[in-house]
Amino acid sequence: SQTYRTGETIDGQYLVERRIKGGMSTVYIVQDNITEKRYALKSLEDIEDRSDADRLSARFEREAAVWVNFDHHKNIVQAHALLKREGCDLPSPEK
């Protein structure tokens, strides 16, 4: 997956304000250039062990789909969409 730096734009619409790297994914805090709303975009990191890549990618996609369809809960950030781009899944949670 592609890595974005602060100040870069994702898909010509989301300006990266901050990047937070985790174990399996990276979260980008972004501002939507159209709506001016802030979001967090989560992206699966490159998987070094290619033999495990398909399984981890499928797991990430399943978790994202569940998250997007999960009813609103006061202790869980709501995800709005699952965006697929260049083989990269981006669940888009609320900010």
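Sequence order as written defines residue numbering, which begins from 1 separately in each chain. Local features are withheld for residues below a pLDDT of 70 in this predicted model, meaning they are given only at 70 or higher, and side-chain atom pairs are given and counted only at 80 or more; totals for whole chains, interfaces and linings count all residues. Only hydrogens and water are set aside when side-chain values are computed; all heavy atoms of the structure are taken into account.

Colleague: So what's going on with the sheet that holds strand β4 (residues 38–44)? Which residues, and what values?
Modeller: The strand order across the open sheet built from four strands is β1-β2-β3-β4, with neighbouring strands paired in antiparallel fashion. Every other strand in the sheet has two partners, leaving β1 (9–10) and β4 as the edge strands with one partner each. One requirement defines pairing of two strands: DSSP has to find at least two bridges between them. Comment: elements are numbered from the N terminus, with helices defined as DSSP H or I runs of at least four residues and strands as E runs of at least two.

Colleague: Report on the side chain of T26, specifying residues and quantitative values.
Modeller: Turning to its location among the elements, T26 is positioned in strand β3 (residues 25–32). The class of T26 is buried, set by a relative accessible area of 0%. Note on contacts: a residue pair is in contact if any heavy atoms of the two residues lie within 4.5 Å. Setting aside residues no more than four positions away along its own chain, T26 makes contact with R19, I20, K21, L41, K42, S43 and E45. For the exposure calls, accessible area comes from a 1.4 Å probe over protein chains only, and a residue counts as buried if that area is under 20% of its type's maximum, exposed if over 50%, partly exposed in between.

Colleague: I'd like a rundown of a nonpolar patch on the surface, residues and numbers included.
Modeller: Patch members must show over 30% relative accessible area and no salt bridge, and they are joined within 9 Å when carrying like charges or within 5 Å when they are nonpolar side chains of Val, Leu, Ile, Met, Phe, Trp or Tyr. Using a 1.4 Å probe, the Shrake-Rupley method yields the accessible areas, and only the shown protein chains count as cover for residues. By salt bridge we mean one thing: a side-chain nitrogen of Lys or Arg within 4 Å of a carboxyl oxygen of Asp or Glu. Together, V66, F70 and I76 make up a nonpolar patch on the protein surface, roughly 260 Å² of accessible area in all. Positionally, I76 belongs in the loop between α1 (50–69) and β5 (79–85).

Colleague: Describe the packing of aromatic side chains, with residues and values.
Modeller: Think of it this way: a Phe, Tyr or Trp ring, Trp meaning its six-membered ring, pairs with another when their centres are within 6.5 Å, and the plane angle makes it stacked under 30 degrees, edge-to-face over 60, tilted otherwise. In total, this model carries one aromatic pair according to the counting rule given. With a centroid separation of 5.8 Å and 80 degrees between ring planes, the pair formed by Y4 and Y28 is classed as edge-to-face. Linking Y4 in the segment before β1 with Y28 in strand β3, this pair joins segments that are 24 residues apart in sequence. Side by side, Y4 and Y28 carry an identical accessibility label, which is buried.

Colleague: Please set out the pairing of β3 residue by residue, giving values where relevant.
Modeller: Across the eight residues of β3, six count as buried, placing the element largely inside the fold. Of the strand pairs in this sheet, strand β2 (residues 14–21) and β3 are connected by seven bridges, and their pairing is antiparallel. Each bridged residue has a counterpart across the sheet, and for K21 the counterpart in β3 is T26. Hairpin connection from β2 to β3: three residues lie between these consecutive antiparallel strands. One ladder, built from seven bridges, connects β3 with β4; its direction is antiparallel. Paired with Y28 across the two strands is L41, which belongs to β4. The loop that links β3 with its antiparallel partner β4 comprises five residues; one of these, E36, has a positive phi angle of about 65 degrees.

Colleague: Got a sec to walk through the environment of R19? Specific residues and values, please.
Modeller: By the element assignment, R19 lies in strand β2. The exposure class assigned to R19 is partly exposed, which follows from its relative accessible area of 37%. Residues R19 and I29 lie 10 residues apart in sequence; the distance between their C-alpha atoms is 6.3 Å. Ignoring anything within four residues of it in the chain, the contact list for R19 reads T3, Y4, T26, V27 and Y28.

Nothing here speaks to function; it is all geometry.
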